[in-house]
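Notes for the structure review
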Amino acid sequence: MRRAAQALAARLAAASAKAAAPGAGICGQAASGRRGTGAAAAAAAAATVLAAGAQWGLAEAPHPAREQQPKAEQQQGQEGQQVDCANCPDVSLEDQPVAISNSATAQWRVFTDMGRELVQQGRHGEAERYFKKAVEMAREGFGEDDPHMASACNNLAEFYRIRRQYDAAEPLYRQALEVLTRAYGLHDARVAFALHNLGGFYLSQRKLEQAAECYEQALKMKLEVLGTGHSETSNSMYHLAEVRWQQGHHDAAVRLMEHSLEIMEAQGVGATPGCVRRRGRLAEMLLERDRVDDAEKLLRNILGYVESTQGLEHANYANAAENLAAAVQRKGRWDEARELMHKALETRSTHVGARHPVVAITLRKLAELELAAADAEEAVAAAAGNSSAAGAASAASSSSSSSKAGSKAGGKGSPAAAPQLSLRERERRQAVAIAEEALSIAQQAYGESLEWHRKQGQPESGGLLGWLRPKPTLAALRRPQRPDSAALEVGHCLHTLSHAHTAVAQPAAAATDLENGLKLLDDAFPEAAASRAARVVEPEEQRADHQEVSAPPPRGAAGGSSSSGSSGKDTEGGSGSEEADVNARAAANLAAAKSAKETARAQRVEQARKQLACAMLAELVVLAAGGQADLAAVQERWAQEGCAAS
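What you see is a predicted model, and the numbers here were worked out from it, not measured in a lab.

A separate point is the overall build of the chain. For the chain, the count of helices and strands is 28 helices and 0 strands. Residues counted as buried form 43% of the 646 residues belonging to the chain.

So, in structure tokens, the structure goes:
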């Protein structure tokens, strides 16, 4: 504790000396005239901190130097998760010339630095106190309308956004924006940065209209002040493109993303990880817009970058190869797509092990690739056979030409057709084997997830001699999937296996796969099964009210926010401790945010479950028409799921 106090005292003294140095003031005379006052204040501040046991520490506001020229490192830090990133840029503020130096200005600097360091260490409780003290010191040392106050408010708002304490974050974001607007007007880069941060705050809550408005204003200011070739302009374009895509304005989103990439490449940072991530996102958009050629160029660029910088055994190489295989497959280049998928499979197996759930996903995609290739080859052979048969009929008058045309016709007795049919048969049988292996891995992962969640909250066995047990393997240390996600993957594997069994003329096995998949969905999602059963016994006029009911929230989610909020109020009213009140409100806000996040996830999972169930039922209807399943039962389940409406 004594060492920490001494270190903090030294930091306070250095901060005060920096503020009191010549040239730090508005003019040289003002700064030099108060140098003695600053040194005395620094000594007093150091003594105060030592006496208090050094409970607080602090930081320095960011400089606007990064506004003047783009930096690759700065760009990389702004490219992560646009919703929940902990490295989102702060409002870039200049250290304003200050003619005075006192303990408040020195502590503002130190508290800000210490808060950021504690966030990086994961000590959020302590970091919050430092950020709050930084706001207090900025108000005391600089005043309410000083840009340093805006920087302090923005830092505290970013901290609350990371913790999903949105109610506490929004007024701080707006206060920072108002201070900067009063200080610099509506045509300044610092105001644009504040608007960008506010847009990211709204995007993290999926408030798309507010986020789009903030990003648009920020982009307009940056274009006016910084120009079209600045990295910050590119950054706002990128985030606005994400908002537009989520709003359904896909063409506008693609244009913005393309402009953002053009700016980065013109700056010479096209080979940075941040720019590579943007290429990948643009490729996803282009594939959804059926611009396969443009997407393929981007994906090849990404694969080359990963191969040259990270190697063939890196997990990112598997992702890049798999994505490129999907684009190549859509263009009908089956051999190349198959080669890329095998490379991705080999890399994943080496990186995470042969029985990892992600390997099951790659195997399932490889099986689907083999089936699609066999179907395409069969379609080409059929088209060639039809054209050859037409040529043979037109040349029937000549026995020699007729014989030649018959050899090209590809009939059942044609020796040339046998190798093609054998090749397609081998591809389909191989798809069956691959799908079965994927199903085996997915089922194992599902069992592990159920077992892991069953043991949650139970005391560990072993007692005092537990340390004698052998240490767990890497596979045991890996946290399993959530049971619902693992169950959906098993269902997808069964669906793919049914396709393979149908392709090799085994309709009974295909029907069994689909029935097992539907039974698995019923077992893994009992709420959906109970809701479907309830719709059967309800009166006809009430059934429509339940067609659009989404999955219920997880246990405790529906009442979690209200109960947490009431407990926060009770704490506020019954306890006189301000710290206890703040902690209670923070816990309530965090619980409400987690509850909302879980509810949104449950809705997405339910939508995926219903889509998979309807796809299985649609194929089961066809098989039931051939006598492989009970048609009446399938039709009843179809009506219960509401598949016709979807």
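This is not the end of the story, as more comes after the structure.
This next bit is on the state of the cysteines. All chains considered together, the criterion is met by 1 disulfide. Sulfur-sulfur distance for the disulfide between cysteine 614 and cysteine 643 comes to 2.2 Å. Here the S-S torsion is close to -85°, and the disulfide linking cysteine 614 with cysteine 643 is therefore left-handed. Of the two residues, cysteine 614 is situated in helix H27 (residues 578-625) and cysteine 643 in the segment after helix H28 (631-641); the sequence distance between them amounts to 29 residues. Across the pair, exposure class does not vary: cysteine 614 and cysteine 643 are buried alike.

Bringing the pattern of salt bridges into the picture now. Here the structure, examined in full by the defined rule, presents 42 salt bridges. The partner of lysine 132 in a salt bridge is glutamate 128, with the nearest N and O atoms 3.4 Å apart. In this pair, lysine 132 and glutamate 128 are both assigned in helix H7 (residues 124-141), 4 residues apart and thus about one turn of the helix distant. In this structure, glutamate 437 and arginine 355 form a salt bridge, with 3.1 Å as the shortest nitrogen-oxygen distance. Remark: arginine 355 occurs in the loop between helix H17 (334-352) and helix H18 (357-394) and glutamate 437 occurs in helix H20 (residues 417-455); sequence separation between them is 82 residues.

It is worth spelling out H17 at this point. Between its terminal C-alpha atoms H17 stretches 27 Å, which fits the 27 Å expected from 19 residues at 1.5 Å a residue. Taken as a whole, H17 has its buried residues at Trp334, Ala337, Arg338, Leu340, Met341, Ala344, Leu345, Thr347 and Arg348. Within two residues after H17, glycine 353 carries a phi angle of roughly 100°, on the positive side.

Taken as a whole and judged by the stated rule, the model has 7 aromatic pairs. A centroid spacing of 5.2 Å and a plane angle of 40° characterise the contact between tyrosine 173 and phenylalanine 201, whose relative ring orientation is tilted. One end of the pair, tyrosine 173, is in helix H9 (residues 166-184); the other, phenylalanine 201, is in helix H10 (residues 189-204), and 28 residues separate them in sequence. A relative accessible area of 2% places tyrosine 173 in the buried class. Judged by relative accessible area, which is 0%, phenylalanine 201 ranks as buried. These aromatic residues form a ring-pair network of at least three members: Tyr166, Tyr173, Phe201 and Tyr202. Stacked on the ring of tyrosine 184, the Lys or Arg arginine 190 has its end atom at 3.8 Å from the ring centre.

The next thing to look at is the packing of helix H8 (residues 147-162) against H9. The geometry of H8 relative to H9 is characterised by a closest axis approach of 8 Å and an angle of 155° between their N-to-C directions. The angle between H8 and H9 places the two elements in the roughly antiparallel class. Pair H8 / H9 crosses with left-handed handedness. Contacts between H8 and H9 involve Pro147, Met149, Ala150, Cys153, Asn154, Leu156, Ala157, Glu158, Tyr160 and Arg161 from the first element and Tyr166, Ala168, Ala169, Leu172, Tyr173, Gln175, Ala176, Val179, Leu180, Ala183 and Tyr184 from the second.

This brings us to the confidence of the model for the chain. For the chain, per-residue confidence averages 74 on the pLDDT scale, and 65% of positions sit at 70 or higher. In this model residues 399-420 is a low-confidence stretch, pLDDT under 50, and it forms 14 contacts with partners more than four residues away in sequence or in other chains.

Before going further, it helps to spend a moment on unusual backbone geometry. We note that arginine 164 has phi near 60°; this positive angle belongs to a residue other than glycine. Residue position: arginine 164 is located in the loop between H8 and H9. Given the relative accessible area of 19%, arginine 164 is considered buried. In this structure, alanine 505 is a non-glycine residue whose phi angle is positive, near 65°. Its place among the elements puts alanine 505 in the loop between helix H22 (483-503) and helix H23 (507-524).

So, about helix H6 (residues 103-120). The end-to-end C-alpha distance of H6 is 26 Å, a good match for the 26 Å that 18 residues give at a rise of 1.5 Å each. Taken together, the buried positions of H6 are Ala104, Thr105, Ala106, Gln107, Trp108, Arg109, Val110, Phe111, Thr112, Met114, Gly115 and Leu118. Looking at the residues trailing H6, positive phi occurs at glycine 122, about 80°.

With that out of the way, let us pick up the UniProt feature "repeat: TPR" (unreviewed entry) in the chain. Following the UniProt record, one finds the feature "repeat: TPR" (unreviewed entry) at residues 108-141 and 192-225. Taken end to end, residues 108-141 is 91% helix and 0% strand, and its two terminal C-alpha atoms sit 8 Å from one another. As annotated, residues 192-225 has a helix share of 91% and a strand share of 0%, and its two end C-alpha atoms lie 9 Å apart.

Turning next to the packing of H7 against H8. Remark: H7 packs on H8, axes separated minimally by 8 Å, with the N-to-C direction vectors making an angle of 160°. Comparing the axis directions of H7 and H8 gives the class roughly antiparallel. The handedness of the crossing between H7 and H8 comes out as left-handed. On H8, the residues touching His124, Ala127, Glu128, Phe131, Lys132, Ala134, Val135, Ala138 and Arg139 of H7 are His148, Met149, Ala152, Cys153, Asn155, Leu156, Phe159 and Tyr160. Residue classes in the contact of H7 with H8 are distributed as 11 nonpolar, 3 polar and 3 charged.

Structurally, the position occupied by glutamate 427 is in helix H20. Under the relative-accessibility criterion, glutamate 427 is labelled buried at 7%. Excluding its chain neighbours within four sequence positions, the residues that come into contact with glutamate 427 are Arg338, Glu370, Ala373, Ala374 and Glu377.

Before going further, it helps to examine the environment of glutamate 377. Among the structural elements, glutamate 377 can be located in helix H18. Sequence separation of glutamate 377 and leucine 423 is 46 residues, and the distance between their C-alpha atoms is 9.4 Å. If near-sequence neighbours (up to four positions away) are discounted, glutamate 377 is found in contact with Leu423, Arg424 and Glu427.

On to the side chain of glutamate 489, then. As for its placement among the helices and strands, glutamate 489 is situated in helix H22. Excluding residues that lie within four positions of it along the chain, glutamate 489 makes contacts with Ala360, Ile361, Arg364 and Ala442.

What counts, and where the lines are drawn
- Residues numbered from 1 in each chain as written.
- Predicted model: local features only at pLDDT ≥ 70, side-chain atom pairs only at ≥ 80, totals over all residues.
- Heavy atoms only, no water.
- Helix = DSSP H or I, 4+ residues; strand = E, 2+ residues; numbered from the N terminus.
- Buried < 20%, exposed > 50% of the residue type's maximum accessible area, 1.4 Å probe, protein only.
- Disulfide = S-S within 2.5 Å.
- Salt bridge = Lys/Arg side-chain N within 4 Å of Asp/Glu carboxyl O.
- Expected span 1.5 Å × (residues − 1).
- Phe/Tyr/Trp six-rings, centres within 6.5 Å; stacked < 30°, edge-to-face > 60°.
- Lys NZ or Arg CZ within 6 Å of the ring centre and 35° of its normal.
- Axes fitted to C-alpha atoms, helices over the stretch in contact; angles between N-to-C directions.
- Parallel < 35°, antiparallel > 145°, perpendicular 65-115°, else oblique.
- Left-handed = near helix turned anticlockwise from the far one by under 90°.
- Contact = heavy atoms within 4.5 Å.
- pLDDT = per-residue confidence, 0-100.
- UniProt positions renumbered as here; feature names shortened; annotations may be inferred.
- Nonpolar A, V, L, I, M, F, W, Y, C, P; charged D, E, K, R; others polar.

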